[in-house]
Amino acid sequence: MYYPPVPTVDPLALGPVGILSLFGVLGLVVELLRPKGKNGTIMLISLVGLAASAIALISDFGAGTVRSFGQMELHDHLGSISELILLVVATITVLISEPYLKEKKIAFGEFYPLLLWSTAGAMIMSTSSNLLMIFLGLEVLSISLYVLCGISRSEEKSEESAAKYFLLGAFSSGFLLYGIALIFGATGHFDLLSVTSVWANGSASSHNLLLGGFGLIVVGLCFKTGMIPFHQWTPDVYQGAPTNVTAFMSAAAKVAAFAAFWRLISAFAPSLQYWLAPLSAIAVLTILGGNLLALVQTDVKRILAYSSISHAGYILVDLLAHAKDPSINYVSMEFYLLSYALMTVGAFAVLSLLAARGKEVTKLSDLNGLWKRNPIAAVALVAFMMSLVGLPPFAGFFGKVLIFSDAVKAGLVPLAAVLAVGSVISAAYYLAIAKAAFVDEPNESPVQRPATLGPQTAFVLCMIGVIAISVFISPIQSFFQR
Amino acid sequence: MIVGKTLREEQGMMPKVFGQYVGILAMLLIAVIIGAVMVTGSWLFGPKKVSSYKNAAYECGVEPVGNARERFPIKFYLVGILFILFDIEVIFLWSWISIFKHATPAFQKFTFFEFITYMSTWIISYLYVIRVGAIDWDETVSLDSSKLTHMSPIQESELEPIGVTN
Amino acid sequence: MRTTYFQQDVLLIILCPIVGFLIQAFLGGIAKKKLGPSSTRNLFGFMAVLAVAVPFVVTLRVLTNFGPVSSPLVVPLAPWIDLNSFRAPFEFLIDPLSLTMLLVITGIGSLIHLYAIGYMAKDKDFTRFFTYMNLFIAAMTILVLANNLVLLFVGWEGVGLCSYLLIGFWYKDKANTIAANKAFIVNRIGDFGFMIGLFLLYCLMSSKAHRHTRFLSYDVLRTSIETFHNHPAIVTGICLLLFVGACGKSAQFPLYFWLPDAMAGPTPVSALIHAATMVTAGVFLLNRLSFLFVFSPVACGVVAIVGAFTALFAAVIAFGQTDIKKVLAYSTVSQLGFMFVACGAGGFSAGIFHVVTHAFFKALLFLGSGAVIYAMAHNQDMRNYGKLSKYLPITFICMLIAFLAISGIPPFAGFYSKEAIIGDAIGNQVFGGSGINLVTVAGYTALFAALLTGFYMARLTWLTFLGKEERWRSISTDHSHHAEAVPTPALEVQDAFGFFASEPLQLEEEDHEELTADHNPKEVPLIMSLPLVVLAIGSIAAGFLLNGKLVNWLQESVQTLPFHEVSWVTPAGITAGVLGILVGIAVYFQGLPQKEGWDIGKWSRFRVWAGSQFGYDKAVTGGACASGNDIANFLSSQFERWIIEGVLGGIARTAKRIGDLIKTTQTGFARLYAAVILCGVIGLVGWIFISVRGGF
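### Looking at the overall build of chain C
In terms of helices and strands, chain C carries 27 helices and two strands. Evaluated residue by residue, chain C yields a buried proportion of 52% over its 696 residues. Within chain C, contacts between residues separated by at least 24 positions form 83% of all contacts whose residues are at least 6 apart in sequence.

If you want it as structure tokens, here you go:
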């Protein structure tokens, strides 16, 4: 008779992820039955799945920190908030997808299950402090994304972006995995919890192992969040991937990766002195480089890609502030991620409207005259741009203010200054997008699909969200803090 | 969670660990040296009569035709990978089934549920793979027509890598 | 328990118009498609009236439950701005003042809504009209019910918005949109003053150690008398700034000139918003803050003088107008001036008394003029009227009552309130009685303005309803195009900057019915004459029923300053009114005098000058636009060139150049990206280990 340990099961903690995966499978089964070119059913299933997952999540929201499944699953507030943001992002993506996929003649109903699994992966990644689980979640997230990027099979650019993303993703996963191995070597555990004590009691050699592992894991996460110099895939992949996938990827991957990053940084806070300088350098490079590179782009998707890079830099500043002053909690970061997700996904939602006749239309000049063709979309786009710049009364403003004040509070004044400079630079290219949509006249009459209910709802929701979360900032903060 | 020293540290730190591997390193070194000596030796002392016949790929085989660096059909890899996937996944079951019989009922219940989950995923994936014709050599026969019709030949202009022009 | 009871009522009062607004806005268009225009009109018109009438009934119920002697009651509904140092919840105040205003708004509001069903019957945008109207009522109820200045400001801006929307209701005519913009922009100036005043009050109150964080709520403000007493200068500043806001909203002298143009809106709008309710918001504000104003004699003096000057100024301008609604507009400005004279004299409640009576007779005048305009194929020029009493008997009798009421003839409503105002002003004790008393001067000015009121109203009545000939019978085609005989000169100036640019002018033929010589005016339908009759009864009865009682009742919520009884005011007031009317009859008995005919060249200089508002409007509007243009030109030529192009452009170019430089690493080849990642890894891990070793 064997007595192997039976892990504790916490169905509530696993609920959201489980439901989402299950509905993904359900969608795939429907796809197997092949409803002739009609993906409506699958889309509906996905929406129901997302809603069910959200209900499961909210019913157990703020239940305190619970570890289950042999400590592999960590149910805590940071994770729950991240999951919530991920669900919002996925829902908006589903809403914008159907007309876009039709326009691009992408007949793959597999899109929706993949999207759900990708979300599930991201949720796994954000609800564990076990490095192996983080890696597993990251791979589920990424592999689904690789396929999603290449789902427009008739388009070379889409295929190319998938291949690039896959190659470089695999390359960086190698570093991540090696880092995990080193930490396992030092602590004998996969859990980040053991890091602190080992650091406190360990010898110099275990310190070396830990720091080496930390550095390599940071590389993996930096790759996912698109930090300079691990960023170069970002613009190419964002540009080549179908716009709805870009929308999802730009927000979901960051939300998940930053949740993991937060846990990593928290665990390694005692060794701050050794890595603060290089990580600060990455933050500075990311903020300045991202913004400067965005300036010289002419393609809106590439601009937004570089903008997402610079936003990752801003969030990294908050992580560093947290490492320096542990009293700074994740509220600012999650608020920033929520606002970032809403405005970026919203902007991509507007862009997805521009695709016509099976082609991507994403040049800056293609936006010209949007104001006349679809005023709501244009107004929404301007709202997102203003929010991305960080102008009040939009959410982006408060997000930046929170991070800025965190940085100052932690004594990282130079980083705060860089953040401010970056924001100023960013105004130039964000407002260029707004200008293109509102002021410039189109050269030839561009083709414009009339916005259908889905995307219209999506970006109107995003716009309302971007304003509402800044209006109700204090209830949201207390909700995050609960 | 391990509090205190790790296994490796308890055994007496790095130098000793290094000591364990000295033999292997020496072995590696010798192998490299021997290999290098032989290759260099034959290169230095061997006769060098070059003729086109001698330079051919197989001195006494079939005449080579075309370039060796040809593209394989991507299908080859797909079928190969699918085979490995479904083949290897069975191995995971082995370790489980070997202790399943003798384990506690609690463990059996828990892991049986896991097994069901695992297998249903496995089966659905398998059905999916067959359904979309991933293991058919010519997918145009089995892939849903709506997913094929729009596939157009690649435009020359699209062949530039992303990023070069920007 | 009492509070919960009132909570429901207050909620009902505010929610009814809001729900009405939502229904009109979101279902109106659908209903028109599904039901057809005629049933939509009946159904939605009925609902619009209901949305205002129900609050009226509820207000009556609140009134009976509240009783005549109860103290003010604060009804909290929900938290809103909730900071550690400052709170401004959704809370409402039930007291005599708010109840009085509510009754006026909902009572007269429902009458005007009823009238509007008839007036707007042919309009294509029927539901859009009632959307705005219901929204206006909602905003106005919030304004008067609010228990703190921040919430009041919400209503304040809300009514401003509705006013803007309704003035520009027929937006296809560019002149209307320009008028709407003008109203909105001029009100911005007032609101700016209001906001600064509010901020100043915030600073004053927040600097004190208060137990309350709700310190912009009236109940807290009223108990902070000591603070006001210690800072007379700041209080004066606050009062003056808030008065700037009141000037904007209530069309007082420096900022009055949007109101005449606002007559571009449909007549029910002029009656409801630009005569009876919204424009009295300024008077209401001063009443609400009467406990503040009594601390500042200087502010009171300024208020009284500005009011008196406006009363006189607008009355004189009214003589130069030929458009029946313009005359009424200037009369409104003038009457509002009277109300401010009362406030300045410290008799705040007399001002509210005049608000109430004025609401009756001015709404009646506007609705009556609307009936005339309706009957005369939308021609508004009084020179085309004459002897209309024959065709419009009901309208005539109602208008006659209103005319007597506004002129201050007893026992009509206007007499009592006007007498109270002039009595308060002449017998005031604001300054304690030494030196030249500005407020007394204001009182005498108001008395003279009362005389002019009788005069120009007699002119209006005789030109429209009486006289010897039916002048439109002799109309020829080129006359009818002179509808705007006195041009509004500022329009061209504004237009030059394209600021007000909107859709190109599109006059719809169906709206452009011509008044021709063979036109036979018809009395308005019952749905329109019914409100006229009710308002006429109000114009007769409101005065002697409320005289004294209202002022006493208001004491609970409005602070007043004491004044001497001046015995000769009543006879003097009657004399002024009668004299004005007699002069008017003497001049206009025959009909249209030669000196006021179609040929402006024959007009007297003074009248032409008065007609163009003594050049004030042109100077201010044109001057503001021109100087704005100059500033913009300067900025665009100098600032743009040196700062934007030179400095910022230089920075931008440098940034771009750096960006271009880095961009060269973005080759598009994955192998290079991988190499860069590898370099990054080496750099990062290397840096960490170097710092572990403490440097190289």
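### Brief notes about the overall build of chain B
Per the secondary structure count, chain B includes seven helices and zero strands. The buried share of chain B, taken over its 166 residues, is 2%.

### Looking at the nonpolar core
Judged by nonpolar contacts, the single largest core of 214 residues is most densely connected at V341, A363, L364, A402, A425 and A446 of chain C. Considering each element in turn, this core owes the most residues, 18 residues, to helix α16 (residues 348–375) of chain C. Of all hydrophobic cores here, the second largest spans 202 residues; its members include L168, F248, A257 and A395 of chain A.

### A look at unusual backbone geometry
Residue P393 of chain A is bonded to the preceding P392 of chain A through a cis peptide linkage, with omega at 10°. Within the element layout of this structure, P393 of chain A appears in the loop between α15 (375–389) and α16 (395–409). Cis geometry marks the peptide bond from P410 of chain C to P411 of chain C; its omega dihedral reads 5°. By the element assignment, P411 of chain C lies in the loop between α17 (393–407) and α18 (413–426).

### As for the packing of helix α14 (residues 297–318) of chain C against helix α15 (residues 324–344) of chain C
All names here are of chain C. Relative to each other, α14 and α15 sit at 160°, their axes nearing to 7 Å. Classified by the angle their axes make, α14 and α15 are roughly antiparallel. Considering how the two elements wind past one another, α14 and α15 form a crossing that is left-handed. Its residues assigned to classes, the contact of α14 with α15 comprises 18 nonpolar, seven polar and no charged.

### Digging into the packing of α15 of chain C against helix α19 (residues 438–465) of chain C
All names here are of chain C. The N-to-C vectors of α15 and α19 enclose an angle of 160°; their axes lie 10 Å apart at closest approach. Classified by the angle their axes make, α15 and α19 are roughly antiparallel. With respect to the hand of their crossing, α15 and α19 are arranged in left-handed fashion. On the side of α15, the interface is formed by I324, V327, S331, S334, F338, V341 and G344, while α19 contributes V439, A442, G443, A446, A449, T453, Y456, M457, L460 and T464.

### Quick notes on the confidence of the model for chain C
Here chain C averages 84 in pLDDT, while 92% of its residues score no lower than 70. Our summary of model confidence lists the complex with pTM equal to 0.64 and ipTM equal to 0.90.

### Structural notes on helix α26 (residues 616–663) of chain C
Residue and element names in this part refer to chain C. The terminal C-alpha atoms of α26, which comprises 48 residues, lie only 61 Å apart, well short of the 70 Å expected from a rise of 1.5 Å per residue. Taking the largest bend as the criterion, α26 deviates by roughly 55°, centred on E640. With three of 48 residues buried, α26 is to be regarded as a mostly surface element. Every buried residue of α26 is accounted for by D617, T621 and G659.

### Considerations on helix α2 (residues 37–66) of chain C
Residues and elements named next belong to chain C. In this model α2 runs 43 Å from its N-terminal to its C-terminal C-alpha over 30 residues, within 8% of the 44 Å that 1.5 Å per residue would give. Largest kink in α2: about 25°, centred on A51, with the proline P55 one to four residues after it. Positive backbone phi, approximately 80°, marks G67, located one or two places after α2.

### Details of the interface of chain A and chain C
Contacts between the two partners involve 31 residues from chain A and, on the opposite side, 25 residues from chain C. Among the elements of the structure, α6 (156–187), α8 (204–225), α9 (233–240), α11 (272–295) and α17 (413–438) of chain A are those that each provide at least two residues to the side of chain A that touches chain C. Its residues assigned to classes, the side of chain A that touches chain C shows 23 nonpolar, six polar and two charged.

### A few points about the environment of A264 of chain C
Residues and elements named next belong to chain C. If you trace the backbone, A264 turns up in the loop between α10 (258–261) and α11 (267–276). Overall, the presence of 23 C-beta atoms within 10 Å leaves A264 in the buried class. A264 sits 98 residues away from L166 along the chain, and the two C-alpha atoms are 9.0 Å apart. Not counting residues within four places of it along the chain, the set of residues in contact with A264 comprises I167, A175, N176 and A179.

### Concerning the pairing of strand β2 (residues 87–94) of chain C
Each regular strand shows side chains that alternate between the opposite faces of the sheet. Residue and element names in this part refer to chain C. Of the pairings in the sheet, the one linking strand β1 (residues 73–82) to β2 comprises seven bridges and is antiparallel in character. Note that in β2 the partner of V74 across the bridge is L93. What sits between the antiparallel neighbours β1 and β2 is a turn of four residues.

### Here's the deal with the confidence of the model for chain B
Per-residue pLDDT for chain B averages 75, and the proportion of residues at 70 or more is 67%. This model gives residues 150–159 of chain B a pLDDT under 50, and the stretch forms 10 contacts once residues within four places in sequence are excluded.

### Regarding the environment of A170 of chain A
Structurally, the position occupied by A170 of chain A is in helix α6. Taking the C-alpha atoms as reference, A170 of chain A lies 9.5 Å from I143 of chain A; in sequence the two are 27 residues apart.

Analysis parameters
- Numbering of residues begins from 1 in every chain and follows the order in which that chain's sequence is written.
- Numbering of ligands from 1 and lettering of chains from A proceed in the order in which they are written.
- Note on the predicted model: pLDDT of at least 70 is required for a residue's local features to be given, and 80 or more for side-chain atom pairs to be given and counted; whole-chain, interface and lining totals, by contrast, use all residues.
- The helix count covers DSSP runs of H or I at least four residues long, the strand count covers runs of E at least two residues long, and both are numbered beginning at the N terminus.
- Each residue is classified by how many other C-beta atoms fall within 10 Å of its C-beta atom, where C-beta atoms are placed from the backbone; a count of 20 or more means buried, 12 or fewer means exposed, and values in between mean partly exposed.
- Any two residues are considered in contact once their C-beta atoms, placed from the backbone, lie within 7 Å.
- In this usage, the nonpolar core is the set of buried Ala, Val, Leu, Ile, Met, Phe, Trp, Tyr and Cys residues whose C-beta atoms join them within 7 Å.
- Between the N-to-C directions of two axes lies an angle of 0 to 180 degrees, each axis being a line fitted to C-alpha atoms and, for a helix, fitted only over the stretch in contact.
- Any angle that falls under 35 degrees is termed roughly parallel, while one over 145 is termed roughly antiparallel, one within 65 to 115 roughly perpendicular, and all others oblique.
- By convention, the crossing between two helices is left-handed when the near helix turns anticlockwise from the far helix through less than a right angle, and right-handed when the turn is clockwise.
- When residue character is reported, Ala, Val, Leu, Ile, Met, Phe, Trp, Tyr, Cys and Pro are called nonpolar, Asp, Glu, Lys and Arg charged, and the others, Gly included, polar.
- Note on scores: pLDDT gives the predictor's confidence for each residue, bounded by 0 and 100.
- An expected span of 1.5 Å times one less than the residue number is assigned to each helix.
- Bend, at a single residue, is the angle you get between axes fitted to the 7 residues ending at that residue and the 7 residues starting at it.
- Two strands pair under a simple rule: DSSP has to find at least two bridges between them.

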